[in-house]
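# Close look at the chain arrangement
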Amino acid sequence: CNLFLHIQMDFQILPWYFPQKYLQIIFSIKLAQKHPIVSLNHSRLPMDFSLTAEQQMLQDIARRFAEEELREHASLMEETNVPPSLTLRKRFAEMGFLGINLPTEYGGAGLGHFEAVLILEELAKISVAVAFPVFEASFGPSLAIAHFAPEALRQRILPEVCSGEMVVAVSM
């Protein structure tokens, strides 16, 4: 956490054309201070942004589902301004897309935020309207409840959200 804050602060004072190399140097120095085994070779910090086999499979499943099942729903929702139906939310739940990054004890899949974003990206390619229930079940109020709500509230709301029975949203 201290490393992230340090990088963020140093990033703000640098010109726009300089930060990537500077961030690599700061990161490697901080990492080497905590873990002396890490090399201080500043010229290269290889990072692999490839998806794992599991992430690729998840992305492919979401893409196929979106292309095969969501186009018709998206057209109807966008033309009529009707929110996603209970049937569609239940289908998302069957696919395991609702609360994918929420803990398993509340009905989620226990995966990470990155996996949730992979699914959202594929659904939103069809329409943001059809992706909305997955977003609300994985981020926003659901995530706030998972992290900050009393245990009784988590047990009451999150399983309902992950099953598609309840939709939570932010109101301002």
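Now for a description of the structure that goes with this document.

Looking now at the nonpolar core. Counting 33 residues, the largest nonpolar core has L70, F92, F97, I119, L123 and V134 as its most contacted members. Secondary structure elements with two or more residues in this core: helix 3 (53-80), helix 4 (86-95), helix 5 (113-126), helix 6 (128-138), helix 7 (140-148) and helix 8 (151-163). Of the residues forming this core, the biggest block, seven residues, is contributed by helix 3. Not counting residues within four places of it along the chain, the set of residues in contact with L70 comprises F65, L88, F92, L123, I126 and V130.

So, about the environment of G99. By secondary structure assignment, the location of G99 is in the loop between helix 4 and helix 5. Of the residues examined, G99 reaches a relative accessible area of 0% and is grouped as buried. Not counting residues within four places of it along the chain, the set of residues in contact with G99 comprises G108, A109, A137, S138 and C162.

This paragraph deals with helix 6. Those residues of helix 6 that sit buried are V130, A131, P133, V134, E136, A137 and S138. Summarising the contacts, the buried residues of helix 6 are in contact with helix 3, helix 4, helix 5, helix 7 and helix 8. The backbone nitrogen of A129 has a side-chain oxygen 3.0 Å away, supplied by the residue at the start of helix 6, namely S127.

Attention now goes to the packing of helix 6 against helix 7. For the pair helix 6 and helix 7, interaxial distance at closest approach is 4 Å and the crossing angle is 20°. Viewed along their axes, helix 6 and helix 7 adopt a mutual orientation that is roughly parallel. The two elements helix 6 and helix 7 cross, and the hand of that crossing is right-handed. Here helix 6 contributes E136, A137 and S138 to the contact with helix 7, which in turn contributes P141, S142 and L143. Grouping the amino acids of the contact of helix 6 with helix 7 by side-chain chemistry returns three nonpolar, two polar and one charged.

Right, let's talk about the packing of aromatic side chains for a bit. Under the counting rule described, the total for this entry stands at three aromatic pairs. Ring geometry for F135 and F139: centres 6.0 Å apart, planes at 35°, overall tilted. Linked through ring pairs, F65, F92 and F97 together constitute an aromatic cluster.

Right, let's get into the pattern of salt bridges. Per the counting criterion, the structure on display carries seven salt bridges. Close ionic contact of D60 with R63 constitutes a salt bridge, the shortest N to O distance being 3.0 Å. With a gap of three residues between them, D60 and R63 both fall in helix 3, about one helical turn apart. The exposure class assigned to R63 is partly exposed, which follows from its relative accessible area of 26%. Beyond isolated ion pairs, a larger network of salt bridges with shared partners links D60, R63, E122 and K125.

Conventions we followed
- Residues numbered from 1 in each chain as written.
- Predicted model: local features only at pLDDT ≥ 70, side-chain atom pairs only at ≥ 80, totals over all residues.
- Heavy atoms only, no water.
- Core = buried A, V, L, I, M, F, W, Y, C linked by side-chain atoms within 4.5 Å.
- Buried < 20%, exposed > 50% of the residue type's maximum accessible area, 1.4 Å probe, protein only.
- Helix = DSSP H or I, 4+ residues; strand = E, 2+ residues; numbered from the N terminus.
- Contact = heavy atoms within 4.5 Å.
- Polar contact = N/O pair within 3.5 Å; in protein donor to acceptor, adjacent residues only side chain to side chain.
- Axes fitted to C-alpha atoms, helices over the stretch in contact; angles between N-to-C directions.
- Parallel < 35°, antiparallel > 145°, perpendicular 65-115°, else oblique.
- Left-handed = near helix turned anticlockwise from the far one by under 90°.
- Nonpolar A, V, L, I, M, F, W, Y, C, P; charged D, E, K, R; others polar.
- Phe/Tyr/Trp six-rings, centres within 6.5 Å; stacked < 30°, edge-to-face > 60°.
- Salt bridge = Lys/Arg side-chain N within 4 Å of Asp/Glu carboxyl O.

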